[in-house]
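What follows is the residue order along each chain.
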Amino acid sequence: FIALWDLRFQQMMKLWRHSRSSPINRLATSFVPPPQSWVGKGYNNNDARPYIFAATGPNECAMFDASSGHCSECFRTVEYSSRSPSSRIDGLPQLQEIPLSTTMRRKSLLSQGNGSARLGD
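None of the values given here were measured: they were computed from a predicted structure. (Residues numbered from 1 in each chain as written. Predicted model: local features only at pLDDT ≥ 70, side-chain atom pairs only at ≥ 80, totals over all residues. Heavy atoms only, no water.)

Caption draft 1: Representation of the sheet that holds strand β1 (residues 2–6) within the structure. Across the sheet, three strands lie side by side as β1-β2-β7; this open sheet has antiparallel pairing. This sheet does not close on itself; its edge strands, each paired only once, are β1 and β7 (95–98). Pairwise comparison of adjacent strand axes, ignoring direction, gives a mean angle of 25° for this sheet. In this structure, strand β2 (residues 11–18) lies alongside β7, joined through four bridges in antiparallel fashion. Along β7, the bridge assignment pairs L15 with I98. (Pairing = 2+ DSSP bridges. Helix = DSSP H or I, 4+ residues; strand = E, 2+ residues; numbered from the N terminus. Axes fitted to C-alpha atoms, helices over the stretch in contact; angles between N-to-C directions.)

Structure below.
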């Protein structure tokens, strides 16, 4: 699972389940896509958006757009000796959003003593 928190209010905003059965070994964030994404279009500061890099299992790191959960790129190493095409080309990983109810958020705030806070979906 990957959780996105608003630390100002100590509130979980989004929760995703990673499609791979492997554990997540490393996480990193960035507002700039990797340079290979700039080819042909250059880089513009207006294109900045939050990205999540998740390393799962052996030899894979995926780049997800944090606003949509879409996998933008996947970096892999594969064994050259592998003759099976399916072991070389696997589908892109996905983040499946787990819905967070407003009730769950409200209970979290009430337990922190913020009873007058109003939450929207």
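Caption draft 2: The arrangement of the sheet that holds strand β6 (residues 71–76) in detail. Pairing is antiparallel in the open sheet, where four strands are placed in the order β3-β4-β5-β6. Of all the strands in the sheet, the pair left with one neighbour each is β3 (24–30) and β6. Mean inter-strand twist for the sheet, computed between neighbouring axes without regard to direction, equals 15°. As paired strands, strand β4 (residues 51–56) and strand β5 (residues 60–65) are joined by five bridges and run antiparallel to one another. Bridge pairing in β5 links A55 to C61.

Caption draft 3: Up close: the nonpolar core. Judged by nonpolar contacts, I2, W16, I52, A54, A62, F64, A66, C71 and L95 together constitute the single largest core of nine residues. Among the elements of the structure, β4 and β5 are those that each provide at least two residues to this core. The residues touching L95, leaving out its near neighbours within four places in the chain, are I2, W16, R17, H18, F64 and G69. (Core = buried A, V, L, I, M, F, W, Y, C linked by side-chain atoms within 4.5 Å. Buried < 20%, exposed > 50% of the residue type's maximum accessible area, 1.4 Å probe, protein only. Contact = heavy atoms within 4.5 Å.)

Caption draft 4: Layout of the confidence of the model for the chain. In the predicted model, the chain carries a mean pLDDT of 77, and the fraction of residues at 70 or more is 65%. Confidence, expressed as mean pLDDT per element, reaches its minimum in the chain at helix α1 (residues 85–88) with 54 and its maximum at β4 with 92. Here residues 115–121 is a poorly scored stretch, pLDDT under 50, and it has ten contacts once near neighbours within four places are set aside; other chains count. (pLDDT = per-residue confidence, 0-100.)

Caption draft 5: Representation of the pattern of salt bridges in the model. If you walk through the whole model with that rule in mind, you get four salt bridges. A salt bridge links R20 to E60, with the shortest nitrogen-to-oxygen separation between them at 3.0 Å. Placement of R20 in the loop between β2 and β3 and of E60 in strand β5 is noted, with a sequence separation of 40 residues between them. The partner of R49 in a salt bridge is D65, with the nearest N and O atoms 3.4 Å apart. Residue R49 is found in the loop between β3 and β4, and its partner D65 is found in strand β5; the two are separated by 16 residues along the sequence. Residue D65 is classed as buried on the basis of its relative accessible area of 7%. (Salt bridge = Lys/Arg side-chain N within 4 Å of Asp/Glu carboxyl O.)

Caption draft 6: The arrangement of the pairing of β6 in detail. Strand direction decides the pairing type here: β5 and β6, joined by five bridges, are antiparallel. By the bridge assignment, A62 is partnered in β6 with C74.

Caption draft 7: Looking closely at the side chain of R20. Side chain to side chain, R20 and E60 meet in a polar contact 3.0 Å long. Once you skip the residues sitting within four places of it in the chain, R20 turns out to touch T56, E60, R76, D90, G91, L92 and P93. (Polar contact = N/O pair within 3.5 Å; in protein donor to acceptor, adjacent residues only side chain to side chain.)

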